[in-house]
Amino acid sequence: MKKIFYLFAATVVLAAVGCSKDDAAQEEVKYVSEIKIGFEGDTRVTAEQIASGLKFSFEDGEEIIINEYDAARIGVDYHYVYDASSKTFKAKYESYKLQEGKKYFAMAGNYLYISVTLDDAGNIIAQPSLDTNTGLSNIPMITDVFTASADGTIATMHHLVGVVEVPVKLSEDSTNDRLGKIILAGSTGINLSGDMIATPAAPYLKEVKGGGVLTTSGNLDIKLSKDAAISVFIPVLPGTYTDAINLNLYRSGDETAFDGGILGGTSSEPKTLVVERGKITKVTERTI
C-alpha cells in the first residue's frame with residue numbers, strides 16, 4: 001500500500017514539473033480598464049426634480065477614485081473617468097488599470113480629496129468631507145467592495161449624506177424675482193456639514209465627525225415664480241436635529257437676509273428634523 005502511495009506522489013510531482021512553464025504563462029497578470037457603477041436607489045449627480053424626488057446621472061468626464069481593498073496598499077488611488085457614450089468609467093491613464101481578481105472600492109465627491117486609512121481595529125476606512133458650497137454634484141459616496149473582472153465589473157454606489165429640500169415661492173409684492181442663496185445655520189454643536197468616516201460595506205456611514213456649524217447652497221441665482229414653488233436641494237450630514245436650525249434666504253444682489261424661520265422645533269415644522277443618508281427631507285414652503 002505504501003509503494004502505491006509513493007508512486008502516486010511521484011507521478012504528481014512529475015506532472016507538476018512538466019506543467020510549470022504552462023502555469024507561468026497562464027498566471028500572466030490581466031488588467032481591467034473599465035467598470036460600471038450602479039446605485040442604491042435613484043441617486044447621484046445632476047439634480048433634476050421629478051415627481052418621486054430627485055433624478056441623478058453622471059456627467060461626461062466626471063471622475064471617481066478607486067482604492068485597493070488591501071491594508072498593504074492604503075492610499076494608492078486609481079482615477080477613472082465617466083464616458084457617457086458607453087456609460088462606463090474608464091481608466092484615466094494606462095497605469096490606473098485595475099488588476100483582474102483583486103478587490104477594490106470606489107469613492108466620489110468633494111472633490112476627490114478623500115484619505116483612506118486603517119482604524120484602531122485594522123479595518124480599512126475612508127474619510128471624506130461634506131463641503132456644501134459645491135452643491136449636489138460633489139456629495140460624498142462610496143461603493144461596496146468589488147472584484148475586478150474582465151467580463152464586466154459592476155460596483156454599487158451608496159450615499160453618505162442626506163438632502164434637505166426647501167420649496168421657495170415668490171411673494172406677490174416682490175420686485176426681485178431671483179433667489180441668490182440659502183443658508184442653514186445651526187447653533188453651537190450642530191454640525192450640518194464637515195467630516196465623516198465611511199466604510200465600503202453596510203452601514204457605509206460609520207461616524208459623523210462634524211467640524212462645521214453652517215451649511216449653504218452657494219450662489220444660486222434661480223428665477224422664482226409666484227405661481228409655483230421652486231425647490232432648492234441642500235446636502236446635509238445625516239442626523240436627528242432637535243435644536244433650532246435657522247433658515248435664511250437671500251435674493252440675488254441683496255445681502256439682506258430674508259428670515260425663513262426655524263427648521264425643526266416650531267409649530268410650522270416637525271418638532272424634530274430627521275435627515276437620513278441617501279434620502280430627501282422636504283420642509284415647509286417659504287415665500288420671499
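K.L.:
Can you help me understand the overall build of the chain in this one?
P.N.:
In terms of helices and strands, the chain carries one helix and 28 strands. Taken over 288 residues, the chain has a buried fraction of 41%.

K.L.:
In this structure, what is going on with the side chain of Arg286? I would like to understand it.
P.N.:
Its location among the elements puts Arg286 in strand β28 (residues 286–287). At 2.8 Å, the side chain of Arg286 and the backbone oxygen of Thr284 are in polar contact. Residues contacting Arg286, with those up to four places away along its chain left out, are Pro167, Val168, Lys169, Leu247, Leu249, Gly260, Gly261, Ile262, Leu263 and Glu269.

K.L.:
What is the right way to look at the environment of Thr242 in this model?
P.N.:
Positionally, Thr242 belongs in the loop between β23 (239–241) and β24 (245–251). In this structure, the C-alpha to C-alpha distance between Thr242 and Gly264, residues 22 residues apart in sequence, is 6.4 Å. Dropping the residues within four chain positions of it, Thr242 is found in contact with Lys271 and Thr272.

K.L.:
Quick question: what am I supposed to make of the packing of aromatic side chains here?
P.N.:
How two aromatic rings sit relative to each other is set out by the distance from centre to centre and by the angle between their planes. Summed over all chains, the structure comprises six aromatic pairs. Centre to centre, the rings of Tyr69 and Phe105 are 6.3 Å apart; their planes meet at 80°, and the pair counts as edge-to-face. One end of the pair, Tyr69, is in the loop between β5 (63–68) and β6 (77–83); the other, Phe105, is in strand β9 (residues 103–108), and 36 residues separate them in sequence. Here Phe105 falls in the buried class, since its relative accessible area comes to 0%. Following the ring pairs from residue to residue traces out a cluster consisting of Tyr78, Tyr93, Tyr96, Tyr104 and Phe146. Here Lys181 stacks its cationic end above the ring of Tyr250, 4.9 Å away from the centre of that ring.

K.L.:
Would you take a moment to explain the nonpolar core for this structure?
P.N.:
The tendency in soluble globular proteins is for nonpolar side chains to be buried as a group. Counting residues in each nonpolar core, the largest one holds 43 residues, and the members touching the most others are Ile182 and Tyr241. Taken together, the elements giving at least two residues each to this core come down to β9, β11 (124–127), β16 (162–169), β17 (178–186), β18 (193–198), β22 (230–236), β24 and β26 (273–275). If sequence neighbours within four positions are ignored, Ile182 has contacts with Val166, Val168, Thr215, Thr216, Ser217, Gly218, Leu220, Val232, Ile234, Leu247, Asn248 and Leu249. If you look at the next biggest cluster of nonpolar residues, it comprises 19 residues, including Ile64, Tyr82, Phe89 and Phe146.

K.L.:
What am I meant to see in the pattern of salt bridges here?
P.N.:
Between side chains of opposite charge, pairing is possible as soon as their charged atoms come close. Counted under the stated rule, the structure contains nine salt bridges. In this structure, Lys102 engages Glu68 in a salt bridge whose closest nitrogen and oxygen atoms are separated by 3.7 Å. Residue Lys102 is located in the loop between β8 (98–99) and β9, and its partner Glu68 is located in strand β5; the two are separated by 34 residues in the primary sequence. Relative accessible area serves as the criterion here: at 3%, Glu68 is assigned to the buried category. Residue Asp177 is joined to Lys223 by a salt bridge in which the shortest nitrogen-to-oxygen separation is 2.6 Å. Separated by 46 residues along the polypeptide, Asp177 in the loop between β16 and β17 and Lys223 in strand β21 (residues 222–223) bring together distant segments of the chain. The exposure class assigned to Asp177 is partly exposed, which follows from its relative accessible area of 25%. Through salt bridges with shared partners, a single ionic network connects Glu68, Arg73 and Lys102.

Basis of the calculations
Residues numbered from 1 in each chain as written. Predicted model: local features only at pLDDT ≥ 70, side-chain atom pairs only at ≥ 80, totals over all residues. Heavy atoms only, no water. Helix = DSSP H or I, 4+ residues; strand = E, 2+ residues; numbered from the N terminus. Buried < 20%, exposed > 50% of the residue type's maximum accessible area, 1.4 Å probe, protein only. Polar contact = N/O pair within 3.5 Å; in protein donor to acceptor, adjacent residues only side chain to side chain. Contact = heavy atoms within 4.5 Å. Phe/Tyr/Trp six-rings, centres within 6.5 Å; stacked < 30°, edge-to-face > 60°. Lys NZ or Arg CZ within 6 Å of the ring centre and 35° of its normal. Core = buried A, V, L, I, M, F, W, Y, C linked by side-chain atoms within 4.5 Å. Salt bridge = Lys/Arg side-chain N within 4 Å of Asp/Glu carboxyl O.

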